[in-house]
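Inside the fold
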Amino acid sequence: GQQGNAWETEKGKNLTFSLLCHPDFLLASRQWLLSQCMAVAIQQTISRYVEGVEVKWPNDIYVGDEKISGTLIECDLQGKCVSNCIMGVGININQTVFRSDAPNPTSLKLLTGREHDREEILSLLLNHFQHYYTQLQEGHEEAIRQLYMQYLYRREGFHRYRDVRGEFMAELADVEQTGHLRLRFADGNVVRYELKEVQFVKD
């Protein structure tokens with residue numbers, strides 16, 4: 001993980017892999033779209049097996065209030081464009097016991113009660129990602145963004161969050177093209193957050 005974060009995985013039970021792509025057609029200011037492509041691809045993959053799969057900003061995948069997948073993304077820039085992008089993906093497939101202090105992990109086996117073929121899931125995921133990556137190459141950015149927004153966790157209603165000032169209630173206003181989260185308070189005021197500046201608090 002990054003910045004002290006870790007992903008717990010039992011040997012032979014889950015999917016943990018890195019995907020390298022070379023999106024030199026993509027402006028550096030638009031690199032957030034790569035994160036959206038992967039988040040939508042994972043959401044659609046896991047939705048083949050369970051219902052209620054959502055994307056928790058920025059790119060964790062939740063089923064209900066439990067985390068089943070996470071992604072870390074690092075990009076290299078060349079001039080105004082992205083030259084290389086590495087996506088590190090973790091998806092809990094067949095693990096049923098989690099020993100780390102992660103607050104809310106789950107897996108496909110815990111959710112469905114049966115074992116799943118990791119190779120089958122990986123193949124399905126890569127096919128989904130290739131589809132959205134091709135859409136990105138062809139300029140269909142808004143279609144990808146709309147899917148991402150459609151699948152967002154807590155996309156409706158007021159929920160609990162925490163920032164440096166403490167806990168508060170707010171509703172999701174938008175996710176900007178830069179990846180910043182915008183939350184709207186009850187008084188109509190909208191606050192813009194970068195990654196790590198706000199936490200989701202369980203309702």
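Below: a short report on this structure. As the structure is a computational prediction, the values presented were derived from the model and not from experiment.

Each value, and the rule that gives it
Residues numbered from 1 in each chain as written. Predicted model: local features only at pLDDT ≥ 70, side-chain atom pairs only at ≥ 80, totals over all residues. Heavy atoms only, no water. Helix = DSSP H or I, 4+ residues; strand = E, 2+ residues; numbered from the N terminus. Expected span 1.5 Å × (residues − 1). Buried < 20%, exposed > 50% of the residue type's maximum accessible area, 1.4 Å probe, protein only. Contact = heavy atoms within 4.5 Å. Phe/Tyr/Trp six-rings, centres within 6.5 Å; stacked < 30°, edge-to-face > 60°. Axes fitted to C-alpha atoms, helices over the stretch in contact; angles between N-to-C directions. Parallel < 35°, antiparallel > 145°, perpendicular 65-115°, else oblique. Left-handed = near helix turned anticlockwise from the far one by under 90°. Nonpolar A, V, L, I, M, F, W, Y, C, P; charged D, E, K, R; others polar. Pairing = 2+ DSSP bridges. Salt bridge = Lys/Arg side-chain N within 4 Å of Asp/Glu carboxyl O.

**Focus: helix α3 (residues 118–137)**
In this model, α3 (20 residues) spans 28 Å end to end at C-alpha, consistent with the 28 Å of a helix rising 1.5 Å per residue. Those residues of α3 that fall on the buried side of the exposure criterion are Ile121, Leu124, Leu125, His128, Phe129, Tyr132, Tyr133, Gln135 and Leu136. Where the residues of α3 are buried, they touch β1 (15–21), α1 (32–46), β5 (81–91), α2 (108–112) and α4 (141–150). Glycine 139, located one to two residues past α3, shows a positive phi value of around 90°.

**Notes on the packing of aromatic side chains**
All chains considered together, the criterion is met by 9 aromatic pairs. For the pair phenylalanine 168 and tyrosine 193, a centre-to-centre distance of 6.4 Å together with 10° between the ring planes defines the contact as stacked. In this pair, phenylalanine 168 is assigned in strand β7 (residues 166–175) and tyrosine 193 in strand β9 (residues 190–193), connecting sequence segments 25 residues apart. Take phenylalanine 168 and tyrosine 193: they sit in the same class, and that class is buried. An aromatic cluster is defined as three or more aromatic residues linked by ring pairs; in this entry it consists of Tyr62, Tyr153, Tyr161, Phe168, Phe185, Tyr193 and Phe200.

**Looking at the packing of α1 against α3**
Two elements in contact, α1 and α3, have axes whose closest approach is 8 Å; the angle formed by their N-to-C orientations is 140°. When the interaxial angle is binned, α1 and α3 end up oblique. As α1 packs across α3, the resulting crossing turns out to be right-handed. Each of Leu33, Leu34, Cys37, Met38, Val40, Ala41, Ile42, Gln44 and Thr45 in α1 lies in contact with α3, whose residues at this interface are Ile121, Leu124, Leu125, His128, Phe129, Tyr132, Tyr133 and Leu136. Its residues assigned to classes, the contact of α1 with α3 shows 14 nonpolar, 3 polar and no charged.

**Considering the pairing of β7**
Along a regular strand, successive side chains alternate from one face of the sheet to the other. Note that strand β6 (residues 158–163) and β7 share 6 bridges and pair antiparallel. When the sheet's bridge partners are listed, tyrosine 161 is paired in β7 with phenylalanine 168. Here β6 folds back onto β7, and the loop between the two strands holds 2 residues. Two successive antiparallel strands, β7 and strand β8 (residues 181–184), enclose a turn made up of 5 residues, where glycine 179 displays a positive phi of approximately 95°.

**Digging into the pairing of β5**
As defined by bridge partners, β1 adjoins β5 across 7 bridges and the pair is classed as antiparallel. Opposite leucine 19, over in β5, you have methionine 87 as the bridge partner. Where strand β4 (residues 66–78) and β5 come together, 10 bridges link them in antiparallel fashion. Bridged to threonine 71 within β5 is valine 89. The antiparallel hairpin formed by β4 and β5 contains 2 residues in its connecting segment, where glycine 79 sits at a positive phi of about 65°.

**Some thoughts on the pattern of salt bridges**
Applying the stated criterion to the full structure yields 13 salt bridges. Here arginine 155 and glutamate 54 are joined by a salt bridge, their closest N and O atoms 2.9 Å apart. Here arginine 155 is found in the loop between α4 and β6, whereas its partner glutamate 54 is found in strand β2 (residues 53–56), with 101 residues between them in sequence. Linking arginine 145 and aspartate 174 is a salt bridge whose minimum nitrogen-to-oxygen distance equals 3.0 Å.

**So, the sheet that holds β7**
Strand order in the open sheet formed by 5 strands is β9-β8-β7-β6-β10, and the pairing between neighbours is antiparallel. Every interior strand has two partners, whereas the edge strands, β9 and β10 (199–200), have only one. Pairing of β7 with β8 involves 4 bridges; the strand directions are antiparallel. Residue pairing for β8: glutamate 171 is matched across the bridge by arginine 184.

**As for the packing of α1 against α4**
For the pair α1 and α4, interaxial distance at closest approach is 9 Å and the crossing angle is 55°. The orientation of α1 with respect to α4, classified from their angle, is oblique. The chirality of how α1 crosses α4 is left-handed. Of the residues in α4, those in contact with Trp32, Leu33, Gln36, Cys37, Ala39, Val40 and Gln44 of α1 are Glu141, Ile144, Arg145, Leu147 and Tyr148. Here the residues of the contact of α1 with α4 are counted per class, giving 8 nonpolar, 2 polar and 2 charged.

By themselves these figures say nothing about function.
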